Amino acid sequence: METAGLQDRLEQHFKWFHEHPEPSNGEVETTARIRDILGEAGIETVAAPPDGGLKTGLVARIRGKAEKPVVALRCDIDALPITEESGLPYSSRNSGFMHACGHDFHTTSLLGAALLLNDERETLEGTVKLIFQPAEEGGGGAWQVLETGVLDDVSEIYGIHVASDQASGIIGISPGATHAGVGVFKIAIKGKGAHAAAPHHGRDPIVAAAQLINAAQIILSRTIDPFDQAVLSFTHVEAGTTWNVIPEEALLEGTFRAFTKEKLTWIAGRLEACCRGTAEAAGLAIDCDWRTYTPATNNDPALSEFAAETARSLGFPVAPVGRIMGGEDFALYQQRIPGVFWTIGVNSPHGTHHPGFIADRAQLSSSARLHAALARRSLERLRGKGTA
Ligand code: NI
């Protein structure tokens, strides 16, 4: 397919996806649209609703000359609960929701790759699975896809994200971790209610909450190597209903992030210690519940080099990606399958998750071509190694 034709086609699709953002696990119309576009091109879908194990999202499959080896390309399809203020003529029609993280761009570029790979399937050295993943924004989408078992035969996986602050068309690839591992916590402080004028009759959970929040600040500032990157944020505080009653309970929630499992576990351990100490001092009970939500991304070094070389062979400028403390559930695939999470610059006036975010749609066909080249060349390499 010639590039100008592909670009025009993808722009039309992109505008539709941008106009129709849907929340995590609610991507019903989006999934139907993806399925229609693939269906028109004669591309089969597996793990598609209602029978494939996913409620939204789907996996498409393009079989080449051989069934194996298998490589996967992944995009995410969900939007955010943000009211759009981009001023684009094709702004969101779904009030209160917006594609503010570029997942419409990811979806469209992967559809472009599907069309390109389907055109050349007779010369493909194996099978490509294209993952249109639901619920990346905190809805467990990667787990849902992994649980279908559809990726059990996949040898390598590649995923895209737009880079809002990079110049258009720059491909970002770095080995190792680019997105932090994410921990979440919920702390329940169980005190004893009392009249506000008689605090000695109760056990004040609000004062304990305040002390705990302060005590926890010591974890990062005093127990983590200043050269390590980590963050701990309290994001939800709830207690009481009125001005003259000391309540029974307080609730705290938040997140902590770091680039290794050891560091995440360390932070959680210190947070538990802060809870125990505060509970002891305040004479009340504190429950600390935490878990790791996603690990850090982990780009395979050899495959990162391969991906960079593939991008350069198509004429793209390649630059390293700076680390961010944001999480990305692509990391869950990388725990099982070696892979690379790469970025493309889209030169937005605002960052992702901002109501004024705009992705440069001129980069759609470039992204599609890189997705397709990564799949084609990785199958050739795997075939050459005799791993099929
Ligand atoms: Ni995103």
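Everything numeric in this text was worked out from a predicted model, so none of it was measured.

Caption draft 1: Here's a closer look at the environment of Arg35. Position of Arg35 relative to the elements: it lies in helix α2 (residues 28–40). Taking relative accessible area as the criterion, Arg35 reaches 35% and is therefore assigned partly exposed. When the C-alpha atoms of Arg35 and Ala285 are compared, they prove to be 52 Å apart, with 250 residues separating the residues in sequence. Setting aside anything within four residues of it in sequence, one finds Arg35 in contact with Thr45, Ala48, Pro49 and Leu58.

Caption draft 2: Molecular detail of the sheet that holds strand β11 (residues 249–258). Spatially, 4 strands are ordered β9-β11-β7-β12 in an open sheet, and the strand pairing comes out antiparallel. Strand pairing shows two members of the sheet lacking a second neighbour, β9 (230–239) and β12 (285–294), which therefore form its edges. On average, each strand axis in the sheet is inclined to that of its neighbour by 15 degrees, with strand direction left out of account. Strand direction decides the pairing type here: strand β7 (residues 181–190) and β12, joined by 9 bridges, are antiparallel. Bridging from a neighbouring strand, Phe185 pairs with Trp290 of β12.

Caption draft 3: The coordination of the nickel ion, seen in detail. The protein atoms that coordinate the nickel ion are Cys101 (SG), His103 (NE2) and His161 (NE2), at distances of 2.2 to 2.3 Å. As a motif over one chain, the donors of the nickel ion read C-x1-H-x57-H. Per residue, the accessibility class of Cys101 equals that of His103, and both read buried.

Caption draft 4: A look at the pattern of salt bridges. Evaluation of the coordinates by the stated rule reveals 15 salt bridges. Close ionic contact of Arg93 with Glu19 constitutes a salt bridge, the shortest N to O distance being 3.3 Å. On the criterion of sequence distance, the pair formed by Arg93 in the loop between β3 (70–76) and α3 (103–119) and Glu19 in helix α1 (residues 3–19) is long-range, its members being 74 residues apart. Classification of Arg93 as exposed rests on a relative accessible area of 59%.

Caption draft 5: Expanded view of the sheet that holds strand β14 (residues 339–345). As summarised here, the arrangement of the 8 strands in space is β1-β2-β4-β3-β5-β14-β6-β13, forming an open sheet in which the pairing is mixed. The outermost strands of the open sheet, each flanked by one partner alone, are β1 (44–46) and β13 (318–319). Packing against the sheet, α2 makes contact with β1, β2 (58–63) and β4 (127–133), and its axis sits at approximately 15 degrees to β2. Contacting β5 (156–163), β6 (171–172), β13 and β14, helix α7 (residues 301–313) crosses the sheet at an angle of about 35 degrees to β14.

Caption draft 6: View of the environment of Lys192. In this fold, Lys192 is placed in the loop between β7 and β8 (194–195). By relative accessible area, Lys192 is classed as partly exposed at 47%. For the pair Lys192 and Pro247, spaced 55 residues apart in sequence, the C-alpha to C-alpha distance is 7.0 Å. Polar side-chain contacts of Lys192 include one of 3.1 Å to the backbone oxygen of His201.

Caption draft 7: Examining the packing of α1 against α2 more closely. At a minimum axis distance of 10 Å, the contact between α1 and α2 shows a crossing angle of 165 degrees. Looking at the two axes, α1 sits roughly antiparallel to α2. In terms of crossing hand, the pair formed by α1 and α2 is right-handed. Between α1 and α2, the residues in contact are His13, Trp16 and Phe17 and Glu29, Thr30, Arg33, Ile34 and Ile37, respectively. Split into classes, the residues belonging to the contact of α1 with α2 amount to 4 nonpolar, 2 polar and 2 charged.

Caption draft 8: Structural detail: the domain arrangement of the protein chain. Here the domain parsing of the protein chain yields domain 1 (3–178 + 297–384) and domain 2 (181–294). Spacing between the C-alpha centres of domain 1 and domain 2 amounts to 38 Å. Interface area for domain 1 against domain 2, summed over the two sides, is near 800 Å², with a carbon-plus-sulfur share of 65%. Looking only at domain 1, the three residues that lose the most surface to domain 2 are Arg323, Met325 and Gly327, adding up to 58% of its buried area. Taken together, the links from domain 1 to domain 2 amount to 0 salt bridges. Counting across the interface, domain 1 meets domain 2 through 5 residue pairs in polar contact (both at pLDDT 80 or more).

Caption draft 9: A look at the state of the cysteines. This structure, assessed with the given rule, holds 0 disulfides. Take Cys75: it sits in no disulfide, and the sulfur closest to it among the cysteines is that of Cys101, at 12 Å. Take Cys274: it sits in no disulfide, and the sulfur closest to it among the cysteines is that of Cys275, at 7.0 Å. Classification of Cys274 as buried rests on a relative accessible area of 12%.

Caption draft 10: Molecular detail of the nonpolar core. Counting 60 residues, the largest nonpolar core has Leu38, Leu73, Phe105, Val128, Leu130, Phe132 and Trp342 as the members making the most contacts within it. No other element matches the 8 residues that helix α9 (residues 364–384) contributes to this core. If you look at the next biggest cluster of nonpolar residues, it comprises 24 residues, including Phe234, Cys274, Cys275 and Ile286.

Caption draft 11: Expanded view of unusual backbone geometry. Following Lys68, the chain continues into Pro69 via a peptide bond in cis, with omega recorded as 0 degrees. Structurally, the position occupied by Pro69 is in the loop between β2 and β3. For Asn25, which is not a glycine, the phi torsion comes out positive at approximately 65 degrees. By secondary structure assignment, the location of Asn25 is in the loop between α1 and α2. Phi at Asn347 takes a positive value of approximately 50 degrees, unusual for a residue other than glycine.

Parameters at a glance
- Residues numbered from 1 in each chain as written.
- Predicted model: local features only at pLDDT ≥ 70, side-chain atom pairs only at ≥ 80, totals over all residues.
- Heavy atoms only, no water.
- Helix = DSSP H or I, 4+ residues; strand = E, 2+ residues; numbered from the N terminus.
- Buried < 20%, exposed > 50% of the residue type's maximum accessible area, 1.4 Å probe, protein only.
- Contact = heavy atoms within 4.5 Å.
- Pairing = 2+ DSSP bridges.
- Axes fitted to C-alpha atoms, helices over the stretch in contact; angles between N-to-C directions.
- Donors = N, O, S within 2.8 Å, 3.2 Å for Na, K, Ca; no water.
- Salt bridge = Lys/Arg side-chain N within 4 Å of Asp/Glu carboxyl O.
- Polar contact = N/O pair within 3.5 Å; in protein donor to acceptor, adjacent residues only side chain to side chain.
- Parallel < 35°, antiparallel > 145°, perpendicular 65-115°, else oblique.
- Left-handed = near helix turned anticlockwise from the far one by under 90°.
- Nonpolar A, V, L, I, M, F, W, Y, C, P; charged D, E, K, R; others polar.
- Domains from an automatic or database assignment.
- Buried area = accessible area lost by both parts, 1.4 Å probe.
- Disulfide = S-S within 2.5 Å.
- Core = buried A, V, L, I, M, F, W, Y, C linked by side-chain atoms within 4.5 Å.

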